[in-house]
Amino acid sequence: LQLLETADYTEMSRRAADIIIKQVKEKPNAVLGLATGSTVLGVYRQLAADHRQHGTSYRLVRTVNLDEYVGLGPDHPNSYRYYMNQHLFAHLDIPLHETHVPDGLAADLDEECRRYERLIDELGGIDLQLLGIGRNGHIGFNEPGTPFSSPTHVVKLAPLTREANARFFPSLDDVPRYAITMGIATILRSRRIVLLASGEEKAEAIARLLEGVVTPDWPASALHLHPDVTIIADCAALSLIP
Ligand code: F6R
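Residues numbered from 1 in each chain as written. Predicted model: local features only at pLDDT ≥ 70, side-chain atom pairs only at ≥ 80, totals over all residues. Heavy atoms only, no water.

1. Observations concerning the pairing of strand 3 (residues 62–65)
Here is the rule: Only protein chains enter the accessibility calculation, which uses a 1.4 Å probe; a residue is then buried when its area is under 20% of its type maximum, exposed when over 50%, and partly exposed in between. Helix numbering and strand numbering both begin at the N terminus, where a helix is a DSSP run of H or I of at least 4 residues and a strand a DSSP run of E of at least 2. Only strands that DSSP links by at least two bridges are regarded as paired with each other. Look down the strands so they point away from you; if the path from the first strand over the helix to the second goes clockwise, the crossover is right-handed.
Side chains of strand 3 alternate between two faces, with Arg 62 and Val 64 and Thr 63 and Asn 65 buried alike. Bridge count for strand 2 (residues 31–34) against strand 3 is four bridges, and the pairing is parallel. Residue pairing for strand 3: Val 31 is matched across the bridge by Arg 62. Between the parallel elements strand 2 and strand 3, the chain passes through helix 2 (residues 41–54) in a crossover that is right-handed.

2. Observations concerning empty space enclosed by the protein
Applicable threshold: Both site types are read off a 1 Å grid over the protein atoms alone. A 1.4 Å probe that fits but cannot get out defines a cavity, while an open set with protein on both sides within 12 Å along at least five of seven lines defines a pocket; lining residues have an atom within 4 Å of a point. Grid points are joined across faces, edges and corners, and a volume is the space filled by probe spheres set on the points. Residues are grouped as follows: Ala, Val, Leu, Ile, Met, Phe, Trp, Tyr, Cys and Pro are nonpolar; Asp, Glu, Lys and Arg are charged; all remaining types, including Gly, are polar.
Applying the stated criterion to the full structure yields one cavity of 30 Å³ or more. Counted as a void, the largest cavity has a volume near 30 Å³. Here the residues of the lining of the largest cavity are counted per class, giving eight nonpolar, one polar and no charged.

3. As for the sheet that holds strand 8 (residues 178–181)
Note the cut-off: Comment: axis = line fitted to C-alpha atoms, over the contacting stretch for helices; angle = value between 0 and 180 degrees taken between N-to-C directions.
The strand order across the open sheet built from three strands is 4-8-7, with neighbouring strands paired in antiparallel fashion. Where the open sheet ends on each side, the last strands, each with one partner, are strand 4 (67–69) and strand 7 (153–156). Strand-to-strand twist in this sheet, taken as the mean axis angle between neighbours without regard to direction, amounts to 25°. Alignment of strand 7 against strand 8, held across four bridges, turns out to be antiparallel.

4. Observations regarding the packing of aromatic side chains
Note the cut-off: Stacked, tilted and edge-to-face are the three classes applied to pairs of Phe, Tyr and Trp rings, where Trp contributes its six-membered ring and a pair requires centres within 6.5 Å; stacked means planes under 30 degrees apart, edge-to-face means over 60, and tilted covers the rest.
Tallied over the full model, the rule gives five aromatic pairs. Between Tyr 69 and Tyr 80, the ring centres sit 4.8 Å apart and the planes meet at 45°, which makes this aromatic pair tilted. In this pair, Tyr 69 sits in strand 4 while Tyr 80 sits in helix 3 (residues 80–87), placing the two residues 11 residues apart along the sequence. Using a relative accessible area of 10% as the deciding quantity, one classes Tyr 80 as buried. Ring centres of Tyr 69 and Phe 169 lie 5.7 Å apart, and the angle between their planes is 80°; this geometry places the pair in the edge-to-face category. Within this pair, whereas Tyr 69 is found in strand 4, its partner Phe 169 is found in the loop between helix 5 (159–165) and strand 8, the two being separated by 100 residues in sequence. Classification of Tyr 69 by relative accessible area gives buried; the value is 2%. The class for Phe 169 is buried, based on a relative accessible area of 9%. One aromatic cluster is present, built from ring pairs that chain together Tyr 69, Tyr 80, Phe 141 and Phe 169.

Here you go:
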């Protein structure tokens, strides 16, 4: 794993945006794997600003998101599709039909998972996957205990994850109990991975990841099995590194 230490959230976001912009310039039809949540918001802001100021084009780019809540549709303000449209796609020249998020309203969720795996293959695989990390070491919604061999699948969200995400919902009870997520195996098939971490509440997760013990009890540790991972973390997220 390659580690880039940044002073703060803004610098972390800028470094990550620079990597994505470079990828899109080198391969205009790149397949980008994207994440939601608080950590990556700054990256999306930087990408939007760069598109506006320098005209980097996403006309040929394809995107696949990591995950989506089961039961929330594109119009639901807490769905990840809504988040992506709002925070990124509306600010770029990417055709919306080239952006993909698992369908949390699919009638047959297992079939939706298989469709999503096929879709990623048909796109030619993910060139660059952007990741955040959960306090319990989750990547995507792969909670502790998920086999490293897992493809896209339906997950029951861990209580800690539901609590962490409750800040976006009226109450804890409104947080969906299930989600569709790319599996660990799906994530590991990406050609390059960039994981971001910011703030003290991620310090333990980053310390444990960098310790290097590889175990499904700590999903992010699977990244040690990948040849091209860059971790971009700010000082606060690295505060527990000896
Ligand atoms: C989001 C995702 C999650 C988040 C993680 C960190 O698509 O897959 O793994 O990256 O929960 O979330 P934040 O950035 O909100 O702390």
